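# Residue-level structural notes
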Amino acid sequence: MGGKREGLSMAERVARSASPDLAECPARHCWVVDSVDGVKRAALLVEWRRAVAGHGWEGRVFYLAKLRADDRWTVLEEWVPAAALVPS
């Protein structure tokens, strides 16, 4: 998702599209295109912040990934650059 749609960031688009019912809960579904295990994963986006380096935005996401050799899944929580997040 490298570019901006209509010149808006993903955070701005989500804020604009929030209905009164959705405004109560800030969580949004999204895709992490650069997950820890290298697979595009469905995620829950729960928070935004300015990137630590001060350039752009990062989203705090939760998603499942296979990290173990025995095919077990684990829940990950991490800050991901906005460019690596795609709305679902």
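Thresholds, definitions, all that
- Residues numbered from 1 in each chain as written.
- Predicted model: local features only at pLDDT ≥ 70, side-chain atom pairs only at ≥ 80, totals over all residues.
- Heavy atoms only, no water.
- pLDDT = per-residue confidence, 0-100.
- Helix = DSSP H or I, 4+ residues; strand = E, 2+ residues; numbered from the N terminus.
- Phe/Tyr/Trp six-rings, centres within 6.5 Å; stacked < 30°, edge-to-face > 60°.
- Lys NZ or Arg CZ within 6 Å of the ring centre and 35° of its normal.
- Pairing = 2+ DSSP bridges.
- Axes fitted to C-alpha atoms, helices over the stretch in contact; angles between N-to-C directions.

### Let's talk about the confidence of the model for the protein chain
Close reading of the predicted structure is inappropriate where its pLDDT is low. Residues with a pLDDT of 70 or more make up 82% of the protein chain, whose mean pLDDT is 83. Mean pLDDT across the elements of the protein chain ranges from a minimum in helix α2 (residues 20-23), with 56, to a maximum in strand β1 (residues 28-32), with 96.

### Examining the packing of aromatic side chains
Counted according to the given criterion, the structure contains zero aromatic pairs. A cation sits over an aromatic face here: Arg 49 above Trp 79, 4.0 Å from the ring centre.

### Side note on the sheet that holds strand β3 (residues 57-66)
One open sheet holds the five strands; their spatial order is β4-β3-β2-β1-β5, and the pairing between them is antiparallel. Two strands lie at the open edges of the sheet, namely β4 (73-81) and β5 (85-87), each paired on one side alone. On average, each strand axis in the sheet is tilted by 40 degrees relative to the strand beside it, whichever way the strands run. Summarising the sheet, β3 and β4 pair through nine bridges and their orientation is antiparallel. The residue bridging Phe 62 from the neighbouring strand is Glu 77, located in β4.

### Some points on the pairing of strand β2 (residues 41-50)
Here β1 pairs with β2 via five bridges, running antiparallel. Bridging across to β2, Val 32 finds its partner in Arg 41. Counted between consecutive antiparallel strands, the loop separating β2 from β3 contains six residues, among which Gly 54 sits at a positive phi close to 85 degrees.

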